[in-house]
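What the coordinates show
Each chain is listed here by its residues.
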2 protein chains.
Amino acid sequence: MFLYGESREQMMHVAGLMPFTPAPGSSPDQLRELMSELRNRPAVQRPWNVKLRTPNLLWNPLQAWVEDPEVDLEYHIRRSALPAPGDERELGILVSRLHGHRLDLHRPPWEFHLIEGLERGRFAWYVKVHHALVDGYSAMQNMTSALSTDPESRDWPLFFAVPPPVRPARPEVPTEASEPGGSRGIHYHEMLAAVSAQYGASKAVTRALLRIVQSSRAGDHELVSPLEAPRCVLNARITKSRRFATQRLSLDRVRAIARAAGGTLNDVVLALSGASLRTYLLEQNALPDAPLVAMLPVAVRAKDEAGGGNAVGAILATLATDVADPGERLTRIVVSTTRAKQQLQGMSKAAILQYSALLTAPSMLQMIPGTAGRVRPTFNVVISNVPGPERPLYFRGARLEAWYPMSIPVHGQALNITCTSYAGSMCFGFTGCRDAVPHLQRLAVYCGEALADLERAVLHG
Amino acid sequence: MFLYGESREQMMHVAGLMPFTPAPGSSPDQLRELMSELRNRPAVQRPWNVKLRTPNLLWNPLQAWVEDPEVDLEYHIRRSALPAPGDERELGILVSRLHGHRLDLHRPPWEFHLIEGLERGRFAWYVKVHHALVDGYSAMQNMTSALSTDPESRDWPLFFAVPPPVRPARPEVPTEASEPGGSRGIHYHEMLAAVSAQYGASKAVTRALLRIVQSSRAGDHELVSPLEAPRCVLNARITKSRRFATQRLSLDRVRAIARAAGGTLNDVVLALSGASLRTYLLEQNALPDAPLVAMLPVAVRAKDEAGGGNAVGAILATLATDVADPGERLTRIVVSTTRAKQQLQGMSKAAILQYSALLTAPSMLQMIPGTAGRVRPTFNVVISNVPGPERPLYFRGARLEAWYPMSIPVHGQALNITCTSYAGSMCFGFTGCRDAVPHLQRLAVYCGEALADLERAVLHG
């Protein structure tokens, strides 16, 4: 599906922006020396060494991944530098630009950029991978295993030389109870891909969908239906250029709010996103009267699994952007996500997948050229919360500061908000279309302000 | 034609790489301050403010340039920086990468990159323009008028705010006699475009073509025919990635060789290119037995023009890559270009165009998907010599050091050599496909060595 969706404007790659603080006293030429290692032609491990069999005919039934015996590492691994002063703004501009270029599908579809010139001698990695090559979860696993938990390790291999992590067929999904996280990092797109072949609803699914439609008709807005999302500037057609902004918040602060409000980390992520979007849209005189609707992947306990297996489903939740009070907004969100998850509970894994697909199916239409941005949206924005590594990670002594996810805007969904937890932080990545989401940086600023507002309302209110 | 030729691999943009030395004592923030001027929304002059009417249907009979009332200057004008040490190699890598990205044809098709971080506090401009928007000559005129001849001028506007230079309908072309230069900077592609509508050969053209074919059959290799070019690795299909290398030579040194050998600057440019290609191909064990054939645009005096008007035609010339001796190679080249230009002399302007088109017509085939790199090439490499400004130019006190042209590799022509004269220098730009022309940097190195070899052979021999 990611290959089918690929077009000039819709580029189906995800990325991570990973800033590092070098070890004290490390060589300023550390990055240059990395490049010289490439000349020794180190072996390239899966998935970094595979390319498409028929790149000129993406939607080919015989499409497959084949090994590329000669990966041109100096093509894939690139040095870049920030212009002065090398601040967050310059970094955002550079990675926005990099994110707006299509991957070359005639080669293994990934790029690794070593960015130097950040303030105070820091550097960053920008790792870009086509979503058809790895899902978000695998990408994070791969990159985690490319880093060490030992700050003293100095001989860690470069990521492409690390053998793929061994994992069970499909790893167990953390439940809501085992937060931080919420979902196991599966992207909404993956879920749609998983079910696109098995349309057809079971009884449980039909009942759940009926419940939604009925509650909507009865004026019950706690259980959000696909019919409620207002028209919004965020649901426009997109161009090929991108904007990107980041925000890093303390995981402890987010967790304290969740605990006080009786909600989950996901709920607080939604509240922060909602607050940020409300301010942003108000400023543009573009806030819809009705509250914005977010789609988010969640992990729920499935009925049929022995031992309490879990499944990933999609739910729709309000962002309560019609509410001015931060505390009240969070309460509405908690009620909305609780109701939505109750819908999923008691279903089998297959039913959860089917239900989620049907719930969000109208949005698949948006990926078809010509329809997106012209039909009423099912939801206004996709918000994902991907749990990441809890311990600080290092690459040859340099400490990974943060891990910002960059995702995929598509026609009809010009903004994507994804956040990752890492070593005590919540790292937000706002990825948007340059033209449909002007001044996107402000969303990141408002998100930071929203945290303080929420604390005042919920903890000290 | 440039729009028709545009494809994933064949990107029809040209560019200039222009390194500057800042004025002594100038602010290190000079480039940042330029960007802040953009916020004042200065008026954007032609041609920088026009875009295609139907970018999704390039080959549309109703295609036209329309004014874009809101040019997003912060999209088009970009800051970049070189990673350490900021040497020629790093600069080459960065601009190769920039040259491998397609222009967005949904916007005015140009980009302007301000590159900082060059050694010794220097910076560079990389200016990229779609060939359908301006021809090579106009691009050079536009950029020349964006610079000042006065080193003291500090308030020169940015190039896009400079009104287009006033010029006659088609400017007079310098003759060979009025060198430096050779052609007036028209690119081979332009010439093909100009004649693609008026196929059909006059008597003079037919006679000239017959003469070529006859001389070829008679074993006369001084007059190079389109049937003589050997198969060569340079005539491969290309991918979308680029390599770029530069070489700057003293114009006086080149001129001294031309004078001693009784040839033109163009002839010495061919001899340098031939020497460089011979060494490069020998090293790869890929030098054809027969000498490589170059296509180059030249200016000749047309028969029908009162007052000695000139026309631009294409000629084929040997590069004498089968000859080891530099002096003998140059002699063969001088004979070959002289014979080729005699062919054109005495023809009318229209006939020169027609003749040139027919001579090079088989190469147009190469632009059609599927044929290039699979049929025998008409010539092996395009070499253009574009005369540039003779006096040093400045931008707000910063001195333009050199002016390197970047051109268009196409299927079947994986390498392009273009050089520009500027303020006492000959600036060579080698633009190639990353995959078909590996180690392209060596061509630039060998070109520099070839100058010393030629001096030894011709001046001191």
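Conventions used here
- Residues numbered from 1 in each chain as written.
- Chains lettered and ligands numbered in written order.
- Predicted model: local features only at pLDDT ≥ 70, side-chain atom pairs only at ≥ 80, totals over all residues.
- Heavy atoms only, no water.
- Helix = DSSP H or I, 4+ residues; strand = E, 2+ residues; numbered from the N terminus.
- Contact = heavy atoms within 4.5 Å.
- Areas by Shrake-Rupley, 256 points an atom, 1.4 Å probe, with all protein chains shown as cover.
- Disulfide = S-S within 2.5 Å.
- Core = buried A, V, L, I, M, F, W, Y, C linked by side-chain atoms within 4.5 Å.
- Buried < 20%, exposed > 50% of the residue type's maximum accessible area, 1.4 Å probe, protein only.
- Buried area = accessible area lost by both parts, 1.4 Å probe.
- Salt bridge = Lys/Arg side-chain N within 4 Å of Asp/Glu carboxyl O.
- Polar contact = N/O pair within 3.5 Å; in protein donor to acceptor, adjacent residues only side chain to side chain.
- Nonpolar A, V, L, I, M, F, W, Y, C, P; charged D, E, K, R; others polar.
- Least-squares fit on C-alpha atoms with pLDDT ≥ 70 in both.
- Axes fitted to C-alpha atoms, helices over the stretch in contact; angles between N-to-C directions.
- Parallel < 35°, antiparallel > 145°, perpendicular 65-115°, else oblique.
- Phe/Tyr/Trp six-rings, centres within 6.5 Å; stacked < 30°, edge-to-face > 60°.
- Lys NZ or Arg CZ within 6 Å of the ring centre and 35° of its normal.
- Pairing = 2+ DSSP bridges.
- Expected span 1.5 Å × (residues − 1).

1. Regarding the overall build of chain A
On a plain count of helices and strands, chain A comes out with 12 helices and 15 strands. For chain A, the share of sequence-separated contacts (at least 6 apart) that also reach a separation of at least 24 residues comes to 77%. As displayed, chain A has an accessible area near 17,600 Å², and 52% of this comes from carbon and sulfur atoms.

2. Some remarks on the state of the cysteines
Under the definition given, this model contains 0 disulfides over all chains. The structure places no disulfide on A:C419, whose sulfur is separated from the nearest cysteine sulfur, that of A:C447, by 8.3 Å.

3. Concerning the nonpolar core
Within the largest apolar cluster, 59 residues are counted, with the highest numbers of intra-cluster contacts made by B:L272, B:L277, B:L415, B:F428 and B:V437. By residue number, the principal contributor to this core is helix α9 (residues 265-283) of chain B, which donates 10 residues. Residue contacts for B:V437: discarding those within four places in its chain leaves B:L234, B:R243, B:Y280, B:A414, B:L415, B:G432 and B:L443. Residues A:V268, A:L272, A:L330 and A:L454 belong to the second largest nonpolar core, which totals 57 residues.

4. Here we look at the interface of chain A and chain B
Tallying the contact residues gives 28 residues for chain A and 28 residues for chain B. The junction of chain A with chain B conceals about 2,300 Å² of combined surface from both sides, 37% of it contributed by carbon and sulfur atoms. Of all residues in chain A, A:R79, A:R97 and A:R434 bury the most surface against chain B, accounting for 22% of the area lost on that side. Across the contact surface, chain A and chain B share 6 salt bridges. Here B:R107 ties to A:D435 by a salt bridge, and the two come within 2.7 Å at their closest N and O atoms. Seen at the junction of chain A and chain B, the total is 17 residue pairs in polar contact (both at pLDDT 80 or more). For the side of chain A that touches chain B, the secondary structure elements donating two or more residues are α3 (73-76), β4 (77-81) and α4 (88-99) of chain A. With 4 residues, β4(A) is the single largest residue contributor to the side of chain A that touches chain B. Considered class by class, the residues forming the side of chain A that touches chain B number 6 nonpolar, 5 polar and 17 charged.

5. Overview of the relation of the copies chain A and chain B
With an RMSD of 0.0 Å, the fit of chain A onto chain B corresponds to turning through 180° and sliding 0.0 Å along the axis. Considering both components of the superposition, the chain copies are consistent with a two-fold axis. Among all residues of chain A, the one whose C-alpha sits closest to the rotation axis is A:A81, at a distance of 2.6 Å.

6. A look at the pairing of strand β10 (residues 381-387) of chain A
The buried fraction of β10(A) is high, at 7 of 7 residues. Residues A:V381, A:I383, A:N385 and A:P387 point to one face of β10(A) and A:V382, A:S384 and A:V386 to the other, with burial holding for every one of them.

7. Examining the environment of B:G121
Structurally, B:G121 can be placed in the loop between β5 (110-118) and β6 (122-130). Along the primary structure B:G121 and B:V293 are separated by 172 residues, whereas in three dimensions their C-alpha atoms are 42 Å apart.

8. With respect to the environment of B:R332
All names here are of chain B. With respect to the helices and strands, the residue R332 is situated in helix α10 (residues 326-344). When its relative accessible area of 39% is taken as the criterion, R332 is described as partly exposed. Taking C-alpha positions, R332 is 50 Å from E67, a pair spaced 265 residues apart along the chain. When near neighbours in sequence (up to four residues on either side) are disregarded, R332 contacts T318, A320, D322 and V323.

9. A word on the side chain of A:H99
Residue and element names in this part refer to chain A. Position of H99 relative to the elements: it lies in helix α4. Accessibility expressed as a relative area gives 1% for H99, which makes it buried. A distance of 3.1 Å separates a polar atom in the side chain of H99 from the backbone oxygen of S407.

10. Observations concerning the packing of helix α10 (residues 326-344) of chain A against helix α12 (residues 441-458) of chain A
Residue and element names in this part refer to chain A. Relative orientation of the contacting elements α10 and α12 amounts to 90°, with a least axis distance of 8 Å. By the criterion of interaxial angle, the relationship of α10 to α12 is roughly perpendicular. Touching P326, G327 and L330 of α10 are D453, L454, A457 and V458, all from α12. Of the residues contributing to the contact of α10 with α12, the split by class is 5 nonpolar, 1 polar and 1 charged.

11. What to know about the pattern of salt bridges
All names here are of chain B. Here the structure, examined in full by the defined rule, presents 37 salt bridges over all chains. For the salt bridge of R255 with D252, the shortest nitrogen-to-oxygen distance reads 3.4 Å. Here the residue R255 and the residue D252 both occupy positions in helix α8 (residues 251-261), the gap between them amounting to 3 residues, near one helical turn. Residue class for D252 comes out exposed when judged on its relative accessible area of 54%. The residue D453 makes a salt bridge to R456 at a minimum N-O spacing of 2.5 Å. Here R456 and D453 lie together in helix α12 (residues 441-458), a separation of 3 residues that amounts to about one turn. In this structure D453 comes out as partly exposed when scored by relative accessible area, which is 32%.

12. With respect to the packing of aromatic side chains
Residues and elements named next belong to chain B. Counting across every chain of the model gives 20 aromatic pairs over all chains. Both rings, one in F112 and one in W125, keep their centres 4.9 Å apart while their planes meet at 70°; by these two values the pair is edge-to-face. Linking F112 in strand β5 with W125 in strand β6, this pair joins segments that are 13 residues apart in sequence. Accessibility classification places F112 together with W125 in one group, the buried group. Between R78 and the ring centre of Y75, over which it is positioned, the NZ or CZ distance is 4.6 Å.

13. A short note on the pairing of strand β1 (residues 13-21) of chain A
All names here are of chain A. Taken across its 9 residues, β1 has 8 buried, putting it largely inside the fold. As paired elements, β1 and strand β6 (residues 122-130) share 8 bridges and run antiparallel to each other. Considered in β6, the bridge of G16 is made with V127. Relative to strand β13 (residues 404-406), β1 runs antiparallel, the two being bridged by 3 bridges.

14. Let's talk about helix α9 (residues 265-283) of chain A
Residue and element names in this part refer to chain A. Here α9 is 19 residues long and its end C-alpha atoms lie 27 Å apart, about the 27 Å a rise of 1.5 Å per residue gives. Among the 19 residues in α9, 16 count as buried, and that is most of the element. Structurally, the start of α9 carries an N-cap: the backbone nitrogen of N266 is 3.3 Å from a side-chain oxygen of T264. N285 lies just past α9 and shows a positive phi near 60°.

15. A few points about α10(B)
Residue and element names in this part refer to chain B. Its 19 residues place the ends of α10 27 Å apart at the C-alpha level, agreeing with the 27 Å of an ideal helix rising 1.5 Å per residue. Those residues of α10 lying buried are P326, G327, R329, L330, I333, V334, S336, T337, A340, K341, Q343 and L344. At the C-terminal side of α10, G346 shows a positive phi close to 90°.

16. A look at the environment of B:R107
With respect to the helices, strands and loops of the structure, B:R107 is situated in the loop between α4 (88-99) and β5. Here B:R107 is in contact with A:T239, A:S241, A:R434, A:D435, B:K51, B:D72, B:Y75 and B:H76, once residues within four sequence places are set aside. Side-chain polar atoms of B:R107 contact the side chain of A:D435, separated by 2.7 Å.

17. With respect to the side chain of A:N416
Residue and element names in this part refer to chain A. For N416, the location among the structural elements is in strand β14 (residues 415-422). Within the local environment of N416, its side chain forms a polar contact with the side chain of S407, the two groups lying 3.4 Å apart. When near neighbours in sequence (up to four residues on either side) are disregarded, N416 contacts V382, S407, I408, G429, F430 and T431.

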